[in-house]
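Architecture at a glance
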Amino acid sequence: MGRTPVLFEPLSLGGITLANRVAVSPMCQYSAEHGAANDWHLQHLGSLSLSGAGLVIGEQTAVEPEGRISHGCLGLYSDVQEAALARVVGFCRRAGSAALGIQLAHAGRKGSARLPWEGGGPLSSEAGAWTTAAPSVIPFENRWPAPEALDEAGLTRIRHAHAAAARRAERLGFDLVELLGAHGFLLHSFLSPITNQRTDAYGGSLANRMRYPLEVAAAIREVWPRWKALGMRITGTDWVDGGITPEEAGIFAGKLMDVGFDYVCVSSGGISPAARPAIAPGYQVPLAAAVKKASGIAVQAVGMIVDPHQAEKIVADGHADCVALAREFIDDPRWAWHAAAALGADVVYPPQYLRARPEYWPGAALTQHRSAPERR
């Protein structure tokens, strides 16, 4: 078969080794019941776990009830939720081959929202709205209610909630925890000067704005085993004048490395409706490359990565150590199979699906040569 493409070489993160450098990004499903996973999550993550990707990260999972985006979001702050996720994780272990991660998060001022397919936007009091939290009393948008600025007690509560959720994740047997510090949610809102206008030790300078996210990161690092992997999704730019810059993102990534984090995933935007990202294939890859160069930490690239050759070039050229795809895996749950065939690599198939391997099924050649527009 020749040289293995870099995309399908193993990757060590912390104490784990991924079979390849393809990851499935966390994707909110808005389908939980009181924060608990159900059959939808079983089929969603179960299917992705046997997709051939080296890593599957479960969706944004709240560390407390007020940390959810919506009433349909997953949580990991109760025994019932832990038991429900145990069923999903167990199935993924039996059926799939991917390493399993979970993204722990607090939605902050972007919480208390309606489901996307119900129009999004803030919940009404009749629909069970709750008071959201943020570094400063600045609503996401004029039609959104103002959040409460977190005091010392609130900061401590949420920090402890992250650590408690990480302990539950460890009991569940997850291989990796990813802390969410992007997309305008709570920890990102502390980092960004757009949303953080505090005058205490948690606001003002970059060092102060990093302080609370780093405290949460340290709290998780203290309880999460070193023989597993720990990372954070961060923002490379706010796409708003006066917001986070790639240079600041690189500094923050270096601080995470000092705390003991193993990688960062570099995303962008989400802090303000005024953001105008320049969306194009691979548009966030330069941000990942800049953070990697500045910090030296392992980096995951995301954002409009669709074509296998594009993904291979990203890792082969050293812009990132791995790539993560989201909606492309919804469109093509077997993307990793098709990417391996296109690049001349090998990937694990479950035995029940071996008959679909290219050497056994002539139709596979037709599948891998279909372009993305044709699949759609």
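A short tour of the structure in this document, coming up. (Residues numbered from 1 in each chain as written. Predicted model: local features only at pLDDT ≥ 70, side-chain atom pairs only at ≥ 80, totals over all residues. Heavy atoms only, no water.)

**So, the overall build of the chain**
Counting its secondary structure elements, the chain contains twelve helices and twelve strands. A compact globule built from 376 residues would reach a C-alpha radius of gyration of about 21 Å, and the chain, at 20 Å, matches this within 12%. In terms of overall dimensions, the chain has C-alpha extents of about 65 × 40 × 40 Å along its principal axes. Among the 376 residues that make up the chain, the fraction classed as buried is 59%. Carbon and sulfur atoms make up 55% of the accessible area of the chain, which totals about 15300 Å². (Helix = DSSP H or I, 4+ residues; strand = E, 2+ residues; numbered from the N terminus. Rg over C-alpha atoms; globule rule 2.2 N^0.38 Å. Buried < 20%, exposed > 50% of the residue type's maximum accessible area, 1.4 Å probe, protein only. Areas by Shrake-Rupley, 256 points an atom, 1.4 Å probe, with all protein chains shown as cover.)

**Description of the pairing of strand β4 (residues 55-62)**
The two faces of the sheet receive side chains in turn, since in a regular strand these alternate between them. β4 sits mainly inside the fold: eight of its eight residues count as buried. Here strand β3 (residues 22-24) pairs with β4 via two bridges, running parallel. Directly across from Ala 23, in β4, lies its bridge partner Leu 55. Here β4 runs beside strand β5 (residues 99-105); their pairing, made up of seven bridges, is parallel. (Pairing = 2+ DSSP bridges.)

**A word on the pattern of salt bridges**
The tally for this structure, following the rule as stated, stands at 16 salt bridges. Residue Asp 39 pairs with Arg 87 through a salt bridge whose shortest N-O separation is 2.7 Å. Taken as a pair, Asp 39 in helix α1 (residues 39-49) and Arg 87 in helix α2 (residues 79-95) lie far apart in primary sequence, 48 residues in all. Here Lys 292 ties to Asp 321 by a salt bridge, and the two come within 2.9 Å at their closest N and O atoms. One end of the pair, Lys 292, is in helix α7 (residues 285-295); the other, Asp 321, is in the loop between α8 (308-316) and β12 (322-325), and 29 residues separate them in sequence. The exposure class assigned to Asp 321 is buried, which follows from its relative accessible area of 15%. The network of salt bridges with common partners includes Asp 79, Glu 82, Arg 168 and Arg 171. (Salt bridge = Lys/Arg side-chain N within 4 Å of Asp/Glu carboxyl O.)

**Points about the packing of helix α6 (residues 246-259) against α7**
At a minimum axis separation of 8 Å, α6 and α7 run at an interaxial angle of 50°. By the angle between their directions, the pair α6 and α7 is classed as oblique. Considering only the axes of α6 and α7, their crossing is right-handed. In this structure, α6 contributes Pro 246, Ala 249, Gly 250, Ala 253, Gly 254 and Met 257 to the contact, and α7 contributes Leu 287, Val 291, Ala 294 and Ser 295. Class assignment of the residues belonging to the contact of α6 with α7 gives a composition of seven nonpolar, three polar and no charged. (Axes fitted to C-alpha atoms, helices over the stretch in contact; angles between N-to-C directions. Parallel < 35°, antiparallel > 145°, perpendicular 65-115°, else oblique. Left-handed = near helix turned anticlockwise from the far one by under 90°. Contact = heavy atoms within 4.5 Å. Nonpolar A, V, L, I, M, F, W, Y, C, P; charged D, E, K, R; others polar.)

**Structural notes on α1**
Three or more residues of α1 are buried, namely His 41, Leu 42, His 44, Leu 45, Gly 46, Leu 48 and Ser 49. Taken together, the buried residues of α1 touch β3, β4, α2, β5 and α9 (327-331). Its side-chain oxygen at 2.9 Å from the backbone nitrogen of Trp 40, Asn 38 defines the N-terminal cap of α1. (Polar contact = N/O pair within 3.5 Å; in protein donor to acceptor, adjacent residues only side chain to side chain.)

**Topic: the side chain of Ser 295**
Positionally, Ser 295 belongs in helix α7. A distance of 2.7 Å separates the side chain of Ser 295 from the backbone oxygen of Val 291, its partner in a polar contact. Contacts of Ser 295, omitting those with residues within four sequence positions, involve Gly 250, Ala 253, Gly 254 and Met 257.

**A few points about the sheet that holds strand β10 (residues 263-267)**
Here we have eight strands rolled up into a closed barrel, ordered β3-β4-β5-β8-β9-β10-β11-β12, and parallel in their pairing. In this sheet, neighbouring strand axes are inclined to one another by 30° on average, regardless of whether the strands run parallel or antiparallel. Across the sheet, α7 touches β9 (229-235), β10 and β11 (298-301), and the angle it forms with β11 is around 175°.

**Examining the packing of α1 against α2**
Working note: a packed helix pair is described by the angle between its axes plus the distance between those axes. Where α1 meets α2, the axes come as close as 9 Å, and the angle between the chain directions of the two elements is 25°. When the axis of α1 is compared with that of α2, the two are roughly parallel. Once α1 is placed against α2, the crossing between them reads as right-handed. Touching Asp 39, His 41, Leu 42, Leu 45, Gly 46 and Ser 49 of α1 are Arg 87, Val 88, Phe 91 and Cys 92, all from α2. The residue inventory of the contact of α1 with α2, partitioned by class, reads five nonpolar, three polar and two charged.

**Some thoughts on a nonpolar patch on the surface**
A surface patch of nonpolar side chains, about 330 Å² in accessible area, is lined by Leu 354, Tyr 360 and Trp 361. The topology assignment puts Tyr 360 in the loop between α10 (335-343) and α11 (363-368). (Patch = residues over 30% accessible without salt bridge, like charges linked within 9 Å, V, L, I, M, F, W, Y side chains within 5 Å.)

**A few points about the nonpolar core**
Counting 86 residues, the largest nonpolar core has Leu 7, Phe 8, Ile 234, Leu 256, Val 264 and Phe 329 as the members making the most contacts within it. If near-sequence neighbours (up to four positions away) are discounted, Phe 329 is found in contact with Val 22, Ala 23, Val 24, Leu 48, Ser 51, Ala 53, Trp 335 and Ala 336. With 16 residues, the next largest nonpolar core counts Leu 13, Leu 55, Ala 298 and Cys 322 among its residues. (Core = buried A, V, L, I, M, F, W, Y, C linked by side-chain atoms within 4.5 Å.)

**Topic: the environment of Asp 307**
For Asp 307, the position within the fold is in the loop between β11 and α8. When the C-alpha atoms of Asp 307 and Glu 328 are compared, they prove to be 9.4 Å apart, with 21 residues separating the residues in sequence. Among the polar contacts made by the side chain of Asp 307, one reaches the main-chain amide nitrogen of His 309 at a distance of 2.9 Å.

**What to know about the packing of aromatic side chains**
If you walk through the whole model with that rule in mind, you get seven aromatic pairs. Ring centres of Phe 140 and Trp 144 lie 5.9 Å apart, and the angle between their planes is 90°; on these two criteria the pair is classed as edge-to-face. Here Phe 140 matches Trp 144 in class, with each residue buried. Measuring from centroid to centroid gives 6.1 Å for Trp 337 and Tyr 353, while their planes differ by 75°, and the two rings are edge-to-face. One end of the pair, Trp 337, is in helix α10; the other, Tyr 353, is in the loop between α10 and α11, and 16 residues separate them in sequence. (Phe/Tyr/Trp six-rings, centres within 6.5 Å; stacked < 30°, edge-to-face > 60°.)

Function cannot be inferred from these measures alone, as they are strictly geometric.
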